[in-house]
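What follows is each chain in one-letter form.
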Amino acid sequence: MIEGFVALYIFMLAAFTGYEVISKVPVILHTPLMSGSNFIHGIVLVGTMVALGHAATPLEQLIGFVAVILAAGNAVGGYVVTERMLEMFKTSRGGK
Amino acid sequence: MGAVMTVINIAYFIAAILFIVGLKQMSSPTTARRGILWAGVGMVLATVVTFAHPELEGAVNYLLIVLGIAIGGGLAWWSGRKVAMTDMPQMIALYNGMGGGAAAGIGAIYLLQADPETASDVVLAIAVVGSLIGSVAFSGSMVAFAKLQGLMDKTVNFPAQQWVNLGVFVVTVLLGLSLALSGGDVSGPVLLLFFVLALAFGIMMTLPIGGADMPVVISLYNALTGLAVGFKGFVLDNPALMIAGVVVGAAGTLLTQLMAKAMNRKLSNVLFKQFGGGAGGAAEEVTGSLKPIEAPDAGIMMAFANKVIIVPGYGMAVAQAQHKIWELTQLLIQRDVAVKFAIHPVAGRMPGHMNVLLAEAGVPYDIIYDLDEINNEFKTADVAVVIGANDVVNPIARTDPDSPIYGMPILNADEAHNVIVIKRGRGAGFSGIENHLFYADNTRMLYGDGQKAASELIAAIKELG
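Basis of the calculations
- Residues numbered from 1 in each chain as written.
- Chains lettered and ligands numbered in written order.
- Predicted model: local features only at pLDDT ≥ 70, side-chain atom pairs only at ≥ 80, totals over all residues.
- Heavy atoms only, no water.
- Helix = DSSP H or I, 4+ residues; strand = E, 2+ residues; numbered from the N terminus.
- Buried < 20%, exposed > 50% of the residue type's maximum accessible area, 1.4 Å probe, protein only.
- Contact = heavy atoms within 4.5 Å.
- Areas by Shrake-Rupley, 256 points an atom, 1.4 Å probe, with all protein chains shown as cover.
- Lys, Arg positive; Asp, Glu negative; His and termini not counted.
- Charge placed at Lys NZ, Arg CZ, Asp CG, Glu CD.
- Expected span 1.5 Å × (residues − 1).
- Polar contact = N/O pair within 3.5 Å; in protein donor to acceptor, adjacent residues only side chain to side chain.
- Phe/Tyr/Trp six-rings, centres within 6.5 Å; stacked < 30°, edge-to-face > 60°.
- Pairing = 2+ DSSP bridges.
- Axes fitted to C-alpha atoms, helices over the stretch in contact; angles between N-to-C directions.
- Salt bridge = Lys/Arg side-chain N within 4 Å of Asp/Glu carboxyl O.
- Buried area = accessible area lost by both parts, 1.4 Å probe.
- Nonpolar A, V, L, I, M, F, W, Y, C, P; charged D, E, K, R; others polar.

## Regarding the overall build of chain B
Alright, step 1. On a plain count of helices and strands, chain B comes out with 17 helices and six strands.
Alright, step 2. Overall, chain B is about 80 × 50 × 30 Å in size when its C-alpha atoms are taken along their principal axes.
Alright, step 3. A burial count over chain B gives 56% of its 465 residues as buried.
Alright, step 4. Looking at chain B alone, contacts between residues at least 24 apart form 78% of all its contacts between residues at least 6 apart.
Alright, step 5. Surface summary for chain B: the accessible area is close to 18,600 Å², and the carbon and sulfur share equals 63%.
Alright, step 6. Of the side chains in chain B, 26 bear a positive and 33 a negative charge, and the two mean positions are spaced by 5 Å.

Quick look at the structure:
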């Protein structure tokens with residue numbers, strides 16, 4: 001178990017990191033960035049795998065199974081649409 | 001801590017670094033593509049090592065995991081590949097909602113398994129909060145998806161709606177409180193009712209919100225899902241979830257604020273006040289008349305201009321006119337006309353929605369300008385072409401304190417020498433407000449579907465040789 005205050009510090013530092021990392025994003029990238037951050041919280045897949053992994057009753061298995069499907073959809077769908085959007089960005093000077 | 005767990009933790013640590021680096025790279029156009037690739041590598045790494053997690057047990061559970069990933073991932077891959085660029089906003093809402101639902105699912109399993117012997121009040125409380133946020137993000141995103149996909153009528157309003165919503169929210173929180181203070185002895189019916197009400201609240205909260213505010217709402221739910229995932233990381237003692245979730249929660253909150261600010265709307269107003277209508281909705285006086293123009297004349301006007309600024313809006317997305325607009329732009333550039341695109345922060349249904357569509361058509365991003373960069377240039381432009389945009393160029397936002405959009409920064413298209421408005425019909429904009437720009441002396445209306453109008457303009461300019 002990660003101790004209470006250590007968890008709190010992780011929370012605070014991660015929050016500042018998230019805030020700082022995108023603070024200078026140009027408007028042009030807002031939609032891809034929203035989509036990209038949407039992909040990153042697809043990491044919830046790992047959590048659903050562990051939750052389903054120690055599910056003991058059929059009800060827990062059912063909830064876990066649905067959760068894994070949803071999480072996989074979040075991760076894969078988020079990646080595919082972000083990648084498709086970013087693929088299109090190029091300058092008039094040619095090249096990517 | 002066993003050797004396997006050490007390897008898993010190292011992999012999670014690397015994944016967390018890759019997510020943050022990826023997000024950082026995604027905030028610049030030159031490195032954005034690399035950013036999503038790095039984040040993708042992190043995701044695959046974290047997922048693969050989790051199969052070795054010591055808490056995973058039972059062949060059936062392993063089978064269900066593989067099957068679930070195959071089904072969810074396969075469907076999402078297929079839908080994400082085939083969705084049109086114009087439908088991106090609702091797909092992001094959909095995938096985001098799925099993440100929220102997954103976080104709520106983790107919470108449900110944790111609460112079902114909670115053991116009165118070992119459960120800690122703090123962890124139970126975090127699990128409840130994460131479940132509440134995840135459920136709201138799930139059902140709210142689904143409503144946003146249904147609305148943007150056209151599966152659901154625009155808004156649902158009934159008397160005392162906010163009080164009913166508040167009531168549902170309070171009851172949900174009280175139920176959550178009783179779960180958190182149960183000491184791990186969780187009652188099934190209470191748990192069920194808690195989730196049903198949390199889901200209902202997400203639906204009810206999103207129903208009255210109009211389409212114009214959807215970008216802010218989707219962004220907010222994106223941040224909420226991130227936060228819910230972060231909380232689940234604390235519950236599961238999983239630092240990868242904690243860091244990725246909280247980083248996204250914070251980044252999403254900032255993005256939501258930027259968008260709300262660009263619309264000059266307070267977040268609380270987006271969520272709790274209906275747009276337009278009601279007070280101040282009295283029909284305003286509009287002086288002047290709508291003056292139509294035919295495509296050949298408009299084409300000549302543009303072809304002999306020195307500088308043309310194009311203002312795209314949601315109408316361009318609906319008409320799928322971005323490819324024709326780029327063709328038109330190229331023709332004009334060949335004739336030595338300086339062409340620039342002016343993008344309002346909330347044009348379309350998402351921030352940057354227009355940029356994505358223009359990028360899809362092949363428009364280079366260095367002739368696309370933000371509101372701040374280009375607003376002083378309208379004075380020197382010969383022609384401003386407004387295609388499918390309305391409220392974002394309505395000068396009433398500067399002049400009429402009674403207007404619902406008063407104070408919203410707008411593109412000063414009215415300052416151009418000539419304004420051509422390409423528009424399907426004579427109706428008012430999304431907010432239902434008359435646009436005084438359309439009645440101005442220097443404005444001409446080119447009626448028709450955006451794509452058709454652009455084709456006609458192209459033909460007209462080509463005739464000039």
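## A few points about helix α5 (residues 121-148) of chain B
All names here are of chain B.
Alright, step 1. With 28 residues, α5 should cover 40 Å at 1.5 Å per step; its first-to-last C-alpha distance of 40 Å lies within 8% of that length.
Alright, step 2. Burial of α5 is extensive: 21 of the 28 residues sit out of reach of the surface.
Alright, step 3. Within two residues after α5, Gly 150 carries a phi angle of roughly 80°, on the positive side.

## A word on the side chain of B:Asn222
Alright, step 1. As for its placement among the helices and strands, B:Asn222 is situated in helix α8 (residues 214-236).
Alright, step 2. A polar contact of 3.0 Å, which involves the side chain of B:Asn222, links it to the side chain of A:Ser37.
Alright, step 3. In this view, B:Asn222 contacts A:Met34, A:Ser37, A:Asn38, A:His41, B:Asn96 and B:Val248; residues no more than four positions away in its chain are not counted.

## Considerations on the packing of aromatic side chains
Alright, step 1. Summed over all chains, the structure comprises five aromatic pairs over all chains.
Alright, step 2. Summarising the aromatic geometry, the rings of A:Phe39 and A:Tyr79 are spaced 5.4 Å apart at their centres and angled 65° between planes, so their arrangement reads as edge-to-face. Of the two residues, A:Phe39 sits in helix α2 (residues 30-40) while A:Tyr79 sits in helix α4 (residues 58-87), which places them 40 residues apart along the sequence. The two residues A:Phe39 and A:Tyr79 agree in class, both being buried.
Alright, step 3. Taking the centre distance of 5.3 Å and the plane angle of 75° together, the rings of B:Phe194 and B:Phe195 count as edge-to-face. Each of the two residues, B:Phe194 as well as B:Phe195, counts as buried.
Alright, step 4. Taken together through their ring pairs, the aromatic side chains of A:Phe11, B:Phe231 and B:Phe234 make up a single cluster.

## Examining the environment of A:Gly42
Alright, step 1. Following the sequence through the fold, A:Gly42 ends up in the loop between α2 and α3 (44-53).
Alright, step 2. For A:Gly42, a relative accessible area of 0% corresponds to the buried category.
Alright, step 3. A C-alpha to C-alpha distance of 7.9 Å links A:Gly42 and A:Val76, two positions 34 residues apart in sequence.
Alright, step 4. Not counting residues up to four positions away in its chain, the partners in contact with A:Gly42 are A:Ala71, A:Asn74, A:Ala75 and B:Met43.

## With respect to the sheet that holds strand β5 (residues 418-423) of chain B
Residues and elements named next belong to chain B.
Alright, step 1. Pairing is parallel across the open sheet formed by six strands, whose spatial order is β3-β2-β1-β4-β5-β6. The open sheet has two edge strands, β3 (368-370) and β6 (443-447), and neither has a second partner. The mean angle between the axes of side-by-side strands here comes to 25°, regardless of whether they run parallel or antiparallel.
Alright, step 2. One ladder, built from four bridges, connects strand β1 (residues 307-312) with strand β2 (residues 338-343); its direction is parallel. Note that in β2 the partner of Ile 310 across the bridge is Phe 341.
Alright, step 3. Set on the sheet, helix α11 (residues 295-303) makes contact with β1, β4 (383-387), β5 and β6; between it and β5 the angle comes to about 135°.
Alright, step 4. On the sheet, helix α17 (residues 450-463) packs against β4, β5 and β6 and is oriented at approximately 130° with respect to β5.

## Digging into the pattern of salt bridges
Should their charged atoms come close, side chains of opposite charge can pair.
Residue and element names in this part refer to chain B.
Alright, step 1. Under the definition given, this model contains seven salt bridges over all chains.
Alright, step 2. Its salt-bridge partner being Lys 307, residue Glu 377 comes within 2.8 Å of it at the nearest N-O pair. Of this pair, Glu 377 sits in the loop between α15 (371-374) and β4 while Lys 307 sits in strand β1, and the two are 70 residues apart along the sequence.
Alright, step 3. For Lys 307, a relative accessible area of 15% puts it in the buried group.
Alright, step 4. Among the ionic pairs, Lys 462 bridges to Glu 327, the shortest N-O distance being 3.9 Å. Placement of Lys 462 in helix α17 and of Glu 327 in helix α13 (residues 322-334) is noted, with a sequence separation of 135 residues between them.
Alright, step 5. Using a relative accessible area of 31% as the deciding quantity, one classes Glu 327 as partly exposed.
Alright, step 6. Three or more residues joined by partner-sharing salt bridges are found here, namely Lys 307, Lys 340 and Glu 377.

## Remarks on the side chain of B:Thr47
Alright, step 1. Checked against the element boundaries, B:Thr47 lands in helix α2 (residues 32-50).
Alright, step 2. Since its relative accessible area comes to 11%, B:Thr47 is described here as buried.
Alright, step 3. Look past the residues within four positions of B:Thr47 in its chain and what remains in contact with it is A:Leu45, A:Val46, A:Met49 and B:Ile69.

## What about the interface of chain B and chain A?
Interface size is often expressed as the accessible area that is lost when the parts come together.
Alright, step 1. Chain B puts 100 residues into the contact, and the matching count from chain A is 80 residues.
Alright, step 2. Between chain B and chain A the total buried area reaches about 8,300 Å² when both faces are included, carbon and sulfur atoms providing 77% of it.
Alright, step 3. For the pair chain B and chain A, the interface holds one salt bridge.
Alright, step 4. In this structure, B:Arg33 engages A:Glu83 in a salt bridge whose closest nitrogen and oxygen atoms are separated by 2.9 Å.
Alright, step 5. For the interface between chain B and chain A, the tally reads 20 residue pairs in polar contact (both at pLDDT 80 or more).
Alright, step 6. The residue inventory of the side of chain B that touches chain A, partitioned by class, reads 64 nonpolar, 26 polar and 10 charged.

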